[in-house]
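# Structural overview for review
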Amino acid sequence: MNALPDDLAHDRHRPRYHFLPHANWMNDPNGLIHWQGYYHLFYQYNPHGPFHGTIHWGHARSADLCHWEHLPVALAPAPGDWDADGCWSGCAVNADGVPLLFYTGTSPQRQLLATGSPDLLHWQKHPEPLIATPPPDIDAGPHQDFRDPYIWRGDDGWYMVIGSQDVGKGGVILLYCSDDLLNWKYLHPLLRTSDVQNFPIWSGSMWECPNFFPLDESHVLMLSVWDQQVTYYPVAFTGDYAGQCFTPRRQSRVDWGGCFYAPQVLRDADNRALMWGWLWEQRARDAQLAAGWAGVMSLPRVLSLAPDGGLLQKPAPELAQLRLPAACAGVALDLTGASDALSAVHGEQLELWVEFDPLSAAEVGLDVCVAPDAVHGEHAEEFTRIAYDATRGVFYVDTTHASLSATAFHEIVTAPFTPQPGASVQLRVFVDHSVVEVFVDERVCFAVRSYPTHPDSLGLRPFARGGQPRFERLEVWELQEAI
Ligand code: DQQ
């Protein structure tokens, strides 16, 4: 852990246990690798300000997934190099004990390699691009959208996927193979838009940041949907992989909150699939410039598959070490009981574990970051609402009232949600200053940003409409600072 400079220590919107650099801009997680007992997180980083530009690879490591040590920048764009305009996203590979970073250099986009020292602190760029252009039968557009290599070792050699577009046809994930990690042969598209046009989630015109990995009995292709200079959301296709071909069976949104993007997955020594995503700011650019930082990493999420093939995500259990003694631990509470139990609890670094009967009211949930004058009232001036709406069959997070500031974006994000028959809904919420990360039954996740203006918009309160809600469990912890 590294002490924060004074000006940042007083920034109430700056997260304290979600990872971010001391200052400036951060976007995608890159090169995730569990190496000699440490989780290494590289990330897209601009050391020159809190905006996207001159993209380097920042670097940090953690032994416990909670406390992070900032390390020197790993990759920097250099005039005359193939990455002169930026070192864009990519992955790390352990090549029989030699650490390698594969990434996209701009412009135009091409796939590059750097070899690391055993402590991962020094990186030597390979003199030539590994893959300089997209395959000739792919029209990657005027900017040659062709980026974000992701590599794995198969039974018969190395494989790489790269995100791209085929103009007029949509996104495409290109599959390559290699015997030596240096010479790559293009095989064919692993997936393209025309293969998934009957799936429900719109998938834009370009696919970036692919990850492809086995999970339980299936394979998952995760990618981020991009269209016309706009980043949208990551989706995961679950299906079968055989003979270098992927057959998707099911599609899901990885996160419904609207600021989670470009996730990457790491296999750790216990063979867990751990995922981080970039959480972008949801406030105006001026506010980001004034803050001096922009972009936060999500919490590490452990992935598994539901029996129906859906993606399950839960916060890494290591995060429990940040808990202070429980500030509230209630069982079988009605609305008044829950309200009383929460009235004494407030904070900017909280974990909530709530279970409720989804049949007990038309809408059930809770509000976080609530202004104090309204903790017991109907209309708080500032609050962020997290709730299940049985009438519409949705779970939602509402930041319409999260901030009185004109610079903060306000929206209601909604995910289809059907409770498990006969079971309570399990809601886990992490509040970390301007980050609110929500896990519903491990099946639906929302990461949102909330920027209250009142210094004391720190309260919690249960919420219900149309019925008598029953909270089976209501537990809250304050969490220690870790970054
Ligand atoms: N961010 C990187 C690209 C990637 C995009 C550039 C996704 O490599 O496609 O910073 O956010």
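Here's what I pulled together on the structure shown here.

Calculation notes
- Residues numbered from 1 in each chain as written.
- Predicted model: local features only at pLDDT ≥ 70, side-chain atom pairs only at ≥ 80, totals over all residues.
- Heavy atoms only, no water.
- Near = heavy atom within 4 Å.
- Polar contact = N/O pair within 3.5 Å; in protein donor to acceptor, adjacent residues only side chain to side chain.
- Areas by Shrake-Rupley, 256 points an atom, 1.4 Å probe, with all protein chains shown as cover.
- Helix = DSSP H or I, 4+ residues; strand = E, 2+ residues; numbered from the N terminus.
- Nonpolar A, V, L, I, M, F, W, Y, C, P; charged D, E, K, R; others polar.
- Core = buried A, V, L, I, M, F, W, Y, C linked by side-chain atoms within 4.5 Å.
- Buried < 20%, exposed > 50% of the residue type's maximum accessible area, 1.4 Å probe, protein only.
- Contact = heavy atoms within 4.5 Å.
- Salt bridge = Lys/Arg side-chain N within 4 Å of Asp/Glu carboxyl O.
- Pairing = 2+ DSSP bridges.

### Points about the site of the ligand
Near the ligand you find Asn27, Asp28, Gln44, His52, Trp88, Ser89, Arg147, Asp148, Glu208, Cys209, Tyr261 and Trp278, and these make up its full shell. Contact distances for the ligand include 2.8 Å between a nitrogen atom and a side-chain N or O atom of aspartate 28. A distance of 2.8 Å separates an oxygen atom of the ligand from a polar atom in the side chain of arginine 147. About the coverage of the ligand: the protein hides 95% of its 310 Å² of free accessible area. Looking at the shell around the ligand, the elements that each hand over two or more residues are strand E1 (24-35), strand E5 (86-95), strand E9 (146-154) and strand E13 (206-215). Split by residue class, the shell around the ligand holds four nonpolar, four polar and four charged.

### Observations regarding the nonpolar core
Nonpolar side chains in soluble globular proteins generally cluster together in the buried interior. By size, the foremost hydrophobic cluster in this structure holds 88 residues, and its most contacted members are Phe102 and Trp184. Apart from residues no more than four positions distant in its own chain, phenylalanine 102 is found in contact with Trp57, Gly90, Cys91, Val93, Leu112, Leu113, Leu130, Pro149, Ile151, Met160, Leu181 and Trp184. Ranked by size, the runner-up nonpolar core spans 36 residues in total, among them Leu350, Phe356, Ala415 and Val438.

### Observations regarding the pattern of salt bridges
Where charged atoms of side chains with opposite charge meet at close range, the side chains can pair. On inspection of all chains with the given rule, the structure shows 27 salt bridges. As a salt-bridge pair, glutamate 351 and arginine 428 come within 2.9 Å of each other at their nearest N and O atoms. Placement of the pair is glutamate 351 in strand E24 (residues 349-356) and arginine 428 in strand E29 (residues 425-432), with a sequence separation of 77 residues. Judged by its relative accessible area of 1%, glutamate 351 falls in the buried class. On the basis of relative accessibility, which here comes to 12%, the residue arginine 428 falls in the buried class. In this structure, aspartate 367 and arginine 461 form a salt bridge, with 2.6 Å as the shortest nitrogen-oxygen distance. In this pair, aspartate 367 sits in strand E25 (residues 361-370) while arginine 461 sits in strand E32 (residues 459-467), placing the two residues 94 residues apart along the sequence.

### Describing the pairing of E25
Consecutive side chains along a regular strand alternate between the two faces of the sheet. The element E25 is extensively covered by neighbouring structure, given that ten of its ten residues are classed as buried. Of the pairings in the sheet, the one linking E25 to E32 comprises seven bridges and is antiparallel in character. In the strand pairing of E32, alanine 361 is matched with glycine 467. Taken together, the six bridges between E25 and strand E26 (residues 384-389) define a ladder with antiparallel strand orientation. Note that in E26 the partner of valine 364 across the bridge is tyrosine 388.

### Here we look at helix H3 (residues 335-343)
Every buried residue of H3 is accounted for by Gly337, Ala338, Ser339 and Leu342. Contacts made by the buried residues of H3 are with strand E23 (328-333), E32 and strand E33 (471-478). One side-chain oxygen of the residue at the start of H3 lies 3.3 Å from the amide nitrogen of threonine 336, identifying that residue as aspartate 334.

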